[in-house]
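Here's the letter readout for the chains.
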Amino acid sequence: MRKVGIVMGSDSDLPVIQKATDTLKAFGIPFEVHVYSAHRTPQEARQFALDARKNGFGVIIAAAGMAAHLAGAIAANTTLPVIGIPCKSTTLDGIDALLSTVQMPSGIPVATVAINGGANAALLSAQILAVEDGDLARRLDEKRKKDAAAVLEKDAGIAARLE
Ligand code: RP5
């Protein structure tokens, strides 16, 4: 199976990334994690993206906060699918990173998940890899069924909680 490459702009983004790595581990998907910044280490971020396909990656997740150019900078240097996670920093509640990540100009797409959406970034990676992996697709189906059953269990108990 191809690996998921995970790049974060700073180790302060780690709590968001941990939601992604927990999810990838649960599905047995191999991944590699790096701290590369679009602004502080632009050469390393670029080189990682340029080499990603030949290094066995199938998808890249890029997480950054503030003026978050990391996902776009990675996407500029690879045609692998890039998933951007806008991270919430101490000001502006992550809206700054959301707009910086999602508003890519035509030609260089970044699939942007919610602010701090680490788990969904991992699930979307899994769904991309599952296009060519029937076993992974089955595991994704099972998770959907399990999640739905958990909601229906809550539905069954909700009235009693309001008595
Ligand atoms: C971004 O700036 C990082 O992705 C992080 O979310 C934010 C703050 O970085 P630090 O100052 O905590 O290193 O580049």
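What comes next is a walk through the structure. (Residues numbered from 1 in each chain as written. Predicted model: local features only at pLDDT ≥ 70, side-chain atom pairs only at ≥ 80, totals over all residues. Heavy atoms only, no water.)

### Points about the site of the ligand
Every residue near the ligand is listed here: Gly9, Ser10, Ser12, Asp13, Arg40, Ala64, Gly65 and Met66. In this structure, aspartate 13 approaches the ligand through a side-chain N or O atom, which is 2.6 Å from an oxygen atom. Within the side chain of arginine 40, an N or O atom sits 2.8 Å from an oxygen atom of the ligand. For the ligand, whose free accessible area comes to 360 Å², the fraction covered by protein is 73%. Grouping the constituent residues of the shell around the ligand by class yields 2 nonpolar, 4 polar and 2 charged. (Near = heavy atom within 4 Å. Polar contact = N/O pair within 3.5 Å; in protein donor to acceptor, adjacent residues only side chain to side chain. Areas by Shrake-Rupley, 256 points an atom, 1.4 Å probe, with all protein chains shown as cover. Nonpolar A, V, L, I, M, F, W, Y, C, P; charged D, E, K, R; others polar.)

### Quick look at helix 6 (residues 134-161)
The end-to-end C-alpha separation of helix 6 is 41 Å, in line with the 40 Å expected for 28 residues at 1.5 Å each. The largest bend in helix 6 amounts to roughly 25 degrees and is located at aspartate 155. Of the residues that open helix 6, the one with a side-chain oxygen 3.2 Å from the backbone nitrogen of aspartate 135 is aspartate 133. (Helix = DSSP H or I, 4+ residues; strand = E, 2+ residues; numbered from the N terminus. Expected span 1.5 Å × (residues − 1). Bend = angle between axes of the 7 residues up to and from the residue.)

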